Amino acid sequence: MNQQKNILIADSGSTKTDWVLKHQNGVTKIQSAGLNPFYQSAEDIIEVLTKEVIPSVNTAVHEIHFYGAGCADAVSSKPVKDALVSCFPEAYIVEVASDMLGASRGLCGRESGLACILGTGANNVLYDGNNNVRSIGSLGFWLGDEGSGSFLGKTLVVHFLQNELPEDLKTLFSEQYPEINRLTVLDHAYKKPFPNRYFAAFTHFIGANISHPFLSELVSKAFNVFIEKYVVKHPETKAYKVHFAGSIAYHFRDILEMSLKEKGLKVGRILKSPMDGLVEFHS
């Protein structure tokens with residue numbers, strides 16, 4: 001890599017964005033709020049960049065590779081690209097691509113494989129070593145995202161509100177979230193922004209109590225649904241390793257690995273973030 005060229009790489013989900021600025025003295029890591037053009041305008045994104053990213057950059061940026069949720073094509077990703085061009089006028093390369101291409105490049109490098117995301121949301125793709133070939137499309141938070149943090153949190157909250165949790169878990173949940181009731185949840189679900197983030201936050205409770213059989217089974221069932229609905233629908237599934245990125249895949253990796261092996265699938269890399277692989281890919 002040309003050591004005079006400063007490269008900014010971003011891996012963005014709906015909840016948070018991990019940034020790495022690669023420069024002649026090494027790398028600078030930054031974290032900001034999630035940037036998703038499905039939910040945010042260019043002005044909203046510029047505000048986040050101005051407050052949370054630019055103060056830590058402190059140098060000219062010549063090349064940007066942004067991989068994000070909601071950036072499926074040039075039209076959908078336009079708010080992100082416009083914001084980046086506005087905030088980093090010296091960048092002569094500004095690539096905005098889907099979080100799935102970022103996951104594929106970060107997880108698989110130059111090798112073919114299946115790359116999946118299980119974070120706040122969920123996704124999957126068949127990757128040929130250069131490009132994403134096929135995705136079994138998720139229908140987003142309300143109609144899909146099985147296995148994701150928002151799906152797990154939503155499932156847990158529904159169990160609580162419908163009085164389906166075991167008594168010990170119900171007591172623990174009530175103590176930790178005394179404000180939770182039907183009206184509060186419906187308000188967050190249908191009136192307030194980012195319902196996916198709201199429900200994904202409840203995965204902290206699941207993680208803290210994952211030894212409870214009810215919760216471990218809840219996670220296992222969710223992962224099985226994800227595998228059945230998306231992964232095994234790729235005809236090539238058993239020929240390649242299945243890789244995962246995202247906080248949910250990472251923190252519940254033991255359950256995920258078990259679910260994959262039960263389906264006779266090859267377990268690939270399971271990373272919290274594909275960023276290390278992306279830095280290598282762009283070097």
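Above: the structure in question.
Figured I'd write up the structure that's included with this text. All values reported here derive from a predicted model rather than from experimental measurement.

## Observations concerning unusual backbone geometry
Okay, step 1: Of note in the backbone geometry, Asn58 takes a positive phi value of approximately 55 degrees without being a glycine.
Okay, step 2: Secondary-structure assignment places Asn58 in the loop between helix H1 (42–57) and strand E4 (63–68).

## What about the sheet that holds E4?
Okay, step 1: Taken in spatial order, the 5 strands line up as E3-E2-E1-E4-E5 in an open sheet, and their pairing is mixed. The two strands at the open ends of the sheet, each matched to only one other strand, are strand E3 (26–33) and strand E5 (93–98). Across the sheet, the mean angle separating the axes of adjacent strands is 15 degrees when strand polarity is ignored.
Okay, step 2: Note: strand E2 (residues 16–23) against E3, 8 bridges, orientation antiparallel. Bridge assignment links Trp19 to a residue of E3, and that residue is Ile30.
Okay, step 3: Its contacts with the sheet place helix H2 (residues 78–87) against E2, E4 and E5, and it is angled at close to 155 degrees to E5.
Okay, step 4: Packing of helix H3 (residues 99–108) onto the sheet brings it into contact with strand E1 (7–12), E4 and E5, and relative to E5 it is tilted by some 95 degrees.

## Section: the environment of Asn123
Okay, step 1: The topology assignment puts Asn123 in strand E7 (residues 122–127).
Okay, step 2: Spatially, the C-alpha atoms of Asn123 and Ile227 are 11 Å apart, while their sequence positions differ by 104 residues.
Okay, step 3: If we ignore the near neighbours within four places in the chain, the residues touching Asn123 are Met100, Ala115, Cys116, Ile117, Ser135 and Phe226.
Okay, step 4: Within the local environment of Asn123, its side chain forms a polar contact with the side chain of Ser135, the two groups lying 3.5 Å apart.

## Regarding the side chain of Ser259
Okay, step 1: When you line up the elements, Ser259 lands in helix H12 (residues 253–262).
Okay, step 2: Only 3.3 Å separates the side chain of Ser259 from the side chain of Asn224, close enough to count as a polar contact.
Okay, step 3: Apart from residues no more than four positions distant in its own chain, Ser259 is found in contact with Ser220, Phe223, Asn224 and Ile227.

What counts, and where the lines are drawn
- For every chain, the first residue of the written sequence is number 1, and numbering continues from 1 onward in sequence order.
- Reporting in this predicted model follows two pLDDT cut-offs: at least 70 for local features of residues, and 80 or more for side-chain atom pairs to be given and counted; totals over whole chains, interfaces and linings ignore these cut-offs and use all residues.
- Values shown for side chains rest on all heavy atoms present in the structure; no hydrogens or waters enter the calculation.
- In this description a helix means any DSSP run of H or I spanning at least four residues, a strand means any run of E spanning at least two, and both kinds are numbered starting from the N terminus.
- If DSSP finds at least two bridges between two strands, the strands pair.
- With axes taken as lines fitted to C-alpha atoms, and helix axes fitted only over the stretch in contact, angles between N-to-C directions fall between 0 and 180 degrees.
- Two residues form a contact once any of their heavy atoms are found within 4.5 Å.
- Pairs of N or O atoms within 3.5 Å make up the polar contacts considered here, provided that, within protein, one atom can donate a hydrogen while the other can accept it, and that residues adjacent in sequence are counted only when both atoms are side-chain atoms.

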